[in-house]
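# Close look at the chain arrangement
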Amino acid sequence: MAEANSGSLLAGVVRPVVSNMISARGLHVALLLVGLAGWLIFILACVGGPAWSPDGSQILFGYRDVENSRTSVALYDRGKDTIRTIFSQPFEKEDELILHPRWARDGKRALVGMFGSTPDGSDNSCLLVSIPIKSKLPLQVYNLGKTVGCVYAFPQIGDTVYFAGEDLRWVELKSGKFDSQKFKVDGKDSPDEEVVLSEASDQLYYQRKVRRPISGPDPQQKDKDKDEDGEEVGVIQLQDTSFKPSFTYWDSDLTALGIGSNASDTSPIAPAPNRTSGAMIAKDGKDSDRILLTEEGKGIVRVVAPDLGGKSYSLGNLVWSADGKMLYASALTAGEAKGVSDYWLTEIPLEGGRARLTKIASVQHEMAGDFLDTFRFSMNVALSPDGRWIAATPAVLGEKLLEQRDRALFLIDVRDPARRVKRVPIPREPAE
């Protein structure tokens, strides 16, 4: 086990000072186009969605400081109604930085995952920045090395934060120590593969891409030139980093369900409150997205086609209500004007009926192409710990895509019949 590299950031505009890691100049990272287990094929403006503190009193969210060419993380304190920037990273071009904020489990530190490269592209590194909020410990920067693990999610169990790419890596926050180990399949190191993690009930869940030969007309013959893609879902056994599968679904399973998509075009599973069920989005190539409901040991048990009042739509992420009867989702629909898309909170009742839409903002871009990948990665909605408030922001978008008044954090009261929306403008930062 080795000790993670760490450093400190100067006050004001945050500039990492790192020892035995990457030069300060190198931390002004260049754009990396990353494929993550087939789900994120082409990522632009990669800034993760809002994150609630464990007690619900504060919210972290990423935004674009377009006036000063920075990608930043803000902290909004609901009790004090104050907002401030806690992390900022310069960028030279609008589509340049992959950054993901979340909270440490004790609520005392903000964690920011960054993925990028040195100017010559020789070191594609994942960095974890641990920022004190209610802690006396200094700021720390950990270099996880060449892994895409901090691009999407980095779960925490106890004091340990986990990252997955081609292997499993982890950092112990208090000691600053880190280690890594290959994933195990049948007791052997698995080939390099990309794995996506999530946590629930102090267990580390995974999804990984799998393949199998396609059977020909003769069951004894296999078409060696063709394989079928699938996704395996299960739990990682931390004692030996082995996979314990719960279920696997294949392209043919989705085809049988009437979905014109494939297994690599589904989102990570959102665990239900009962932890034995889940939901994920299947990105249908022809129609609006579908929701796949799963059960442990069974796989996909139901397909939901949300009714958004006749609107064609794409879904960004899914969040369960506390009672398990509702799914909240970010949604994008075509706007009234050409080349404009509308960004919504969608409330989808699982017992049937039309979904409820609450508009957040309009975006100056058509609902197609690479912009959809930006939406799916960066414009997520997040539910407060008490189940009352949804947080969302389009402020991760570039200058030409959004009106200045919509460069804000939006809070929606889902217990209010009128669904009142509170707009919190992003901090205004000076150039120096």
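These figures come from a predicted structure and were not determined experimentally. (Residues numbered from 1 in each chain as written. Predicted model: local features only at pLDDT ≥ 70, side-chain atom pairs only at ≥ 80, totals over all residues. Heavy atoms only, no water.)

### Here's the deal with the overall build of the chain
A count of helical and extended segments in the chain gives 2 helices and 34 strands. Looking at the chain residue by residue over its 432 residues, the buried ones come to 56%. By sequence separation, contacts in the chain at least 24 residues apart represent 50% of the contacts at least 6 residues apart. (Helix = DSSP H or I, 4+ residues; strand = E, 2+ residues; numbered from the N terminus. Buried < 20%, exposed > 50% of the residue type's maximum accessible area, 1.4 Å probe, protein only. Contact = heavy atoms within 4.5 Å.)

### Structural notes on the sheet that holds strand β7 (residues 70-77)
The antiparallel open sheet is built from 4 strands, whose spatial order is β5-β6-β7-β8. At either end of the open sheet lies a strand with only one pairing partner, and these are β5 (51-52) and β8 (82-90). The pairing of strand β6 (residues 58-65) with β7 spans 8 bridges and is classified as antiparallel. Across the sheet, aspartate 65 pairs through a bridge with arginine 70, a residue of β7. (Pairing = 2+ DSSP bridges.)

### Thoughts on helix α2 (residues 370-378)
Extensive coverage of α2 is indicated by the burial of 8 of its 9 residues. Among the residues making up α2, those that are buried are Phe371, Leu372, Asp373, Thr374, Phe375, Arg376, Phe377 and Ser378.

### Structural notes on the packing of aromatic side chains
Applying the stated criterion across every chain, the model contains 7 aromatic pairs. Relative to phenylalanine 243, the ring of phenylalanine 183 lies with its centre 5.0 Å away and its plane at 25°, an arrangement referred to as stacked. In this pair, phenylalanine 183 is assigned in the loop between β16 (177-181) and β17 (184-185) and phenylalanine 243 in strand β22 (residues 242-250), connecting sequence segments 60 residues apart. Phenylalanine 243 shares its class with phenylalanine 183; the two are buried. Here the aromatic rings of phenylalanine 247 and tyrosine 249 are separated by 6.5 Å at their centres, their planes lie at 35°, and the arrangement is tilted. Given the relative accessible area of 9%, phenylalanine 247 is considered buried. Taken together, the ring pairs connect Phe183, Tyr206 and Phe243 into an aromatic cluster. (Phe/Tyr/Trp six-rings, centres within 6.5 Å; stacked < 30°, edge-to-face > 60°.)

### Here we look at the pattern of salt bridges
In this structure the tally under the stated criterion is 21 salt bridges. Here glutamate 295 and lysine 298 are joined by a salt bridge, their closest N and O atoms 3.3 Å apart. Aspartate 307 serves as the salt-bridge partner of arginine 354, at 3.8 Å between the closest nitrogen and oxygen. Here aspartate 307 lies in the loop between β26 (299-304) and β27 (313-320) and arginine 354 lies in the loop between β29 (341-349) and β30 (356-363), a separation of 47 residues in the sequence. The exposure class of arginine 354 is exposed, given its relative accessible area of 58%. On the accessibility criterion, aspartate 307 (34% relative accessible area) is partly exposed. (Salt bridge = Lys/Arg side-chain N within 4 Å of Asp/Glu carboxyl O.)

### What to know about the nonpolar core
In this structure, Ile86, Phe87 and Ile131 are the most contacted members of the largest nonpolar core, which totals 42 residues. Core analysis: the next-biggest nonpolar cluster, separate from the first, contains 19 residues, Ala270, Ala272, Leu293 and Ile348 among them. (Core = buried A, V, L, I, M, F, W, Y, C linked by side-chain atoms within 4.5 Å.)

### Focus on the environment of alanine 305
Looking at the element boundaries, alanine 305 is found in the loop between β26 and β27. When the C-alpha atoms of alanine 305 and isoleucine 348 are compared, they prove to be 9.7 Å apart, with 43 residues separating the residues in sequence.

### Notes on unusual backbone geometry
Phi at arginine 275 is positive, roughly 65°, even though this residue is not glycine. Its place among the elements puts arginine 275 in the loop between β23 (270-271) and β24 (277-282). Of note in this structure, arginine 419 is not a glycine but carries a positive phi near 50°. By the element assignment, arginine 419 lies in the loop between β33 (408-413) and β34 (421-425).

### As for the sheet that holds β34
As summarised here, the arrangement of the 4 strands in space is β31-β32-β33-β34, forming an open sheet in which the pairing is antiparallel. Of all the strands in the sheet, just β31 (381-383) and β34 have a single pairing partner and so form its edges. Looking at each pair of strands side by side, their axes are set apart by 20° on average, direction ignored. Sheet topology places β33 next to β34; 5 bridges connect them, and they run antiparallel. Residue pairing in the sheet places alanine 408 in a bridge with proline 425 of β34. (Axes fitted to C-alpha atoms, helices over the stretch in contact; angles between N-to-C directions.)

### Thoughts on the pairing of strand β14 (residues 160-164)
Most of β14 is tucked away: 5 of the 5 residues are buried. Neither face of β14 is open: one carries Thr160, Tyr162 and Ala164, the other Val161 and Phe163, and all of them are buried. With 2 bridges joining them, strand β13 (residues 156-157) and β14 adopt antiparallel strand pairing. By the bridge assignment, isoleucine 157 is partnered in β14 with threonine 160. Relative to strand β15 (residues 168-172), β14 runs antiparallel, the two sharing 5 bridges. Among the inter-strand pairings, tyrosine 162 is bridged to a residue of β15, identified as tryptophan 170. What sits between the antiparallel neighbours β14 and β15 is a turn of 3 residues.

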